[in-house]
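Coordinate inspection notes
Listed here are the chains, written in short residue letters.
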Amino acid sequence: MSKGVDMRKSLARLAAPALLLVLANAAAAQSFSDFCPGGNEETEAVVVGFVTDPEAGTIVPGATVAASWVADDARQRAEAQTNMEGVYTICGLPKDTEVSLRAIFADRRGEVVPYTTAAVLAQQDLEISLTAEPDTRQEVGSLAAGGGRSRILSSEVIRAEDLLDLPEMSVYDLLRQHQLLRFDRRSGEGEVILLTSASSSLRAGRLQRIQVRINERREGDGVNALREMSIDEVGRIEILSRTEASARYGGDGFVGAIAITTRNR
């Protein structure tokens, strides 16, 4: 058995009550205040744990762990990064609340893990594969299985409240399955976004990518901008036709646009 697999098994054996977590030089950290000094354990909870790659049998330093939940009719979000030992700590979670946890590393996204903050301090280990190809199409495609989720993937306007029941994901993951959009990988240009109704629009003999605007700022690389933005940040997404985009943005909008307004604006 490899050393990596041995390490993973030893990590898996750590029990929540111990919570020593092999935090280098911090073996005495066992209480809420040790992990979250200045926090309020009357109203808040903290979750700690490892992020591992089960296929490689290793820990994953530098991964992001995102926690999201719904409060006051809005999606809330907190996140932390794993340290060199693959350990993360997320403070400030509301007590007795259903939270979704997910590990993210570049374009790799682990499965969403539901977690209830019943304990003030608890351990929840997560997994993410760095060796298998990411498969976001299957996950997001499952959102179209009826009801409001199907409407999201066909609507010209998506609001923050429409996203409350969805797991944490990037805006790219969401829009990748939208019925009005086509993501097209073309040689020499990488991945571009087209409106299905405008996919035959030509300029200089080539299909034109639609523009992506975030808070009215035009993104030079719209695909990567969508990859890096979580749906937790979204206040509103508008998918504008050629006519609507041209009226708003002039000649730049002649093939349509995706206009995103963030919640922080």
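Here the structure is shown first, and the text comes after it.
The notes below deal with the structure included here. (Residues numbered from 1 in each chain as written. Predicted model: local features only at pLDDT ≥ 70, side-chain atom pairs only at ≥ 80, totals over all residues. Heavy atoms only, no water.)

Observations regarding the pattern of salt bridges
By the definition in use, this model includes 10 salt bridges. Here Asp-232 ties to Arg-77 by a salt bridge, and the two come within 2.9 Å at their closest N and O atoms. Taken together, the positions of Asp-232 in the loop between α6 (222–228) and β18 (234–240) and Arg-77 in strand β4 (residues 74–81) put the pair 155 residues apart, joining distant regions of the chain. Assessed through its relative accessible area of 4%, Asp-232 is described here as buried. Here Glu-191 and Arg-227 are joined by a salt bridge, their closest N and O atoms 3.0 Å apart. Taken together, the residues span a long stretch of sequence, with Glu-191 in strand β13 (residues 190–195) and Arg-227 in helix α6 at a distance of 36 residues. (Salt bridge = Lys/Arg side-chain N within 4 Å of Asp/Glu carboxyl O. Helix = DSSP H or I, 4+ residues; strand = E, 2+ residues; numbered from the N terminus. Buried < 20%, exposed > 50% of the residue type's maximum accessible area, 1.4 Å probe, protein only.)

Examining the state of the cysteines
In total, this model carries one disulfide according to the counting rule given. The side chain of Cys-36 participates in a disulfide bridge whose partner is Cys-91; the two sulfur atoms lie 1.8 Å from each other. Linking Cys-36 and Cys-91, the disulfide has an S-S dihedral of approximately -85° and is accordingly described as left-handed. Of the two residues, Cys-36 sits in the loop between α2 (32–35) and β1 (44–53) while Cys-91 sits in strand β5 (residues 87–94), which places them 55 residues apart along the sequence. With a relative accessible area of 33%, Cys-91 lands in the partly exposed category. (Disulfide = S-S within 2.5 Å.)

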